[in-house]
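Given next are the chains, with one letter for each unit.
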Amino acid sequence: MDPSPGALVLVRHGESTFNAGDRFTGLLDVPLSDVGVAEARRAARLLAGAVARQPALAPRRVVTSPLVRASATAAVVAEALPGPPPLAVEWRLVERHYGAFTDKLRDVVRRDYGEAAYWRYRRSYLHRPPPLADDDPARALVDDTLLRLPDAARATLRPDAESLADVVERLRPFWAATRARLLHGEAVLVVGHGNSLRALSVLVDDLTPEAVQDLDVPTGHPLVHRFTTGPDAALVPEVRGGTYLDAQGAEHAVTDLRARGGT
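So, here is what we can say about the structure in this document.

## Description of the packing of aromatic side chains
Two aromatic rings are characterised by how far apart their centres lie and by the angle between their planes. Under the counting rule described, the total for this entry stands at seven aromatic pairs. Considering the side-chain rings of F24 and F101, the 5.3 Å spacing of their centres and the 40° angle between planes classify their relative orientation as tilted. Of this pair, F24 sits in the loop between α1 (17–20) and α2 (34–53) while F101 sits in the loop between β3 (87–89) and α4 (106–113); the two residues are 77 residues apart in sequence, bridging distant segments of the chain. Judged by its relative accessible area of 1%, F101 is buried. Looking at F24, the relative accessible area reads 1%, which means it is buried. The structure contains a cluster of three or more aromatic residues connected by ring pairs, namely F24, Y98, F101, Y113, Y118, W119 and Y121. Over the ring of F18 we find R23; its NZ or CZ atom is 5.8 Å from the centre of that ring. If you follow R106 out to its NZ or CZ, it ends over the ring of F24, 5.0 Å from the centre.

Here it is as structure tokens:
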């Protein structure tokens, strides 16, 4: 008898110093703020409590973006879990490359490009921000991140800017491997970024470009996806969009996030 599918838990890293400063971060490798550290600890407590009540939620594997705001969050959460489970680094989970917006204040981008263009670049599925110029001060910082990623990452990631659709495409191989683990009954915890988790949600929930445009991911709130098995061993979400372990807290966090412009 085939095992029941495992659960997939998604956690966006805690607040970073650039989140706190309302700056576009993208591929820049910035640390957690003090609030972000507290959010990581809260996520750890929430997931550890859920695992104590439902042992099947205990992840056999924790997969994290290599960027420190995600990997630091993953380490805090993993330490609170039974085992603790091993950590695996997956470069495909890095944040979207925000191109010329990288390291810019959101209000400055909105002023310089106009309201309509700002939202088109920010929330649309297909539009890429303007490319990051070679003489932009953020170029050296992005290049530093790229140099620390595997050769496969540098060969795959667009060097100028990414749309959300680009992020979805780079995540397809990761989702295929994760899907196989889930079908074998393994629970998996994924720690990523606002846009890498939005892109992954497109694949997990088969979201349309219109649906993902309205999806926001709050920092530090574990989101649990449970599945059944459909025809041809397809994973079928029990609840499309998943369920937050702290539904009320996540709702307040999303409301606040949207008031500040969304993920």
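## Here's the deal with the packing of α4 against helix α5 (residues 115–123)
Relative to each other, α4 and α5 sit at 125°, their axes nearing to 6 Å. Relative to α5, α4 is oriented oblique. Between α4 and α5 lies a crossing whose hand is right-handed. Where α4 approaches α5, its residues R106, V109, R110 and Y113 are matched on the opposing element by E115, A117, Y118, W119, Y121 and R122. Within the contact of α4 with α5, the residues separate by chemical class into six nonpolar, no polar and four charged.

## Section: the side chain of H13
Examined against the element boundaries, H13 turns out to sit in the loop between β1 (8–12) and α1. Among the residues examined, H13 registers a relative accessible area of 2% and is labelled buried. Engagement of the side chain of H13 in a polar contact is seen with the side chain of H193, the distance being 3.5 Å. In this structure H13 touches N19, R69, A70, T73, V191, G192, H193, T219 and G220, once residues within four positions along its chain are discounted.

## Here we look at the sheet that holds β1
On the basis of which strands lie adjacent, the open sheet formed by six strands has the order β3-β2-β4-β1-β5-β8 and mixed pairing. Unpaired on one side and paired on the other, β3 and β8 (243–244) mark the two borders of the sheet. The pairing of strand β2 (residues 61–64) with strand β4 (residues 188–192) spans four bridges and is parallel. Bridging from a neighbouring strand, R61 pairs with V188 of β4. Here helix α9 (residues 194–205) sits on the sheet in contact with β1, β4 and β5 (223–225), set at roughly 155° to β1.

## Examining the nonpolar core
Judged by nonpolar contacts, the single largest core of 27 residues is most densely connected at L8, L171, W175, V190 and L200. Going through the elements one at a time, β1, α8 (164–183), β4 and α9 are the ones with two or more residues in this core. The biggest single contributor to this core is α8, with nine residues. If sequence neighbours within four positions are ignored, W175 has contacts with L8, L182, L200, L203, V204, F227 and L235.

## Some details on the side chain of R12
Locating R12 in the fold gives a position in strand β1. Buried charge without a partner: R12 forms no salt bridge, and the closest opposite charge is E95, 5.4 Å away. Among the polar contacts listed, one links the side chain of R12 to the backbone oxygen of V217, at a separation of 2.7 Å.

## Description of the pattern of salt bridges
Pairing between side chains becomes possible if they bear opposite charge and their charged atoms approach one another. Enumeration over the complete set of coordinates arrives at 17 salt bridges. Notably, a salt bridge pairs R139 with D143, separated by 3.4 Å at the nearest N-O pair. Of this pair, R139 and D143 are both found in helix α6 (residues 137–147), four residues apart, which corresponds to roughly one turn of the helix. R139 gets classed as buried once you look at its relative accessible area, which sits at 11%. Here E162 makes a salt bridge to R170, at a shortest N to O gap of 2.9 Å. Here E162 and R170 have matching classes, each one buried. Ionic contacts of the salt-bridge type, sharing partners, join the residues D29, D144 and R148 into one network.

Cut-offs and rules
- Residues numbered from 1 in each chain as written.
- Predicted model: local features only at pLDDT ≥ 70, side-chain atom pairs only at ≥ 80, totals over all residues.
- Heavy atoms only, no water.
- Phe/Tyr/Trp six-rings, centres within 6.5 Å; stacked < 30°, edge-to-face > 60°.
- Helix = DSSP H or I, 4+ residues; strand = E, 2+ residues; numbered from the N terminus.
- Buried < 20%, exposed > 50% of the residue type's maximum accessible area, 1.4 Å probe, protein only.
- Lys NZ or Arg CZ within 6 Å of the ring centre and 35° of its normal.
- Axes fitted to C-alpha atoms, helices over the stretch in contact; angles between N-to-C directions.
- Parallel < 35°, antiparallel > 145°, perpendicular 65-115°, else oblique.
- Left-handed = near helix turned anticlockwise from the far one by under 90°.
- Contact = heavy atoms within 4.5 Å.
- Nonpolar A, V, L, I, M, F, W, Y, C, P; charged D, E, K, R; others polar.
- Polar contact = N/O pair within 3.5 Å; in protein donor to acceptor, adjacent residues only side chain to side chain.
- Pairing = 2+ DSSP bridges.
- Core = buried A, V, L, I, M, F, W, Y, C linked by side-chain atoms within 4.5 Å.
- Lys, Arg positive; Asp, Glu negative; His and termini not counted.
- Salt bridge = Lys/Arg side-chain N within 4 Å of Asp/Glu carboxyl O.

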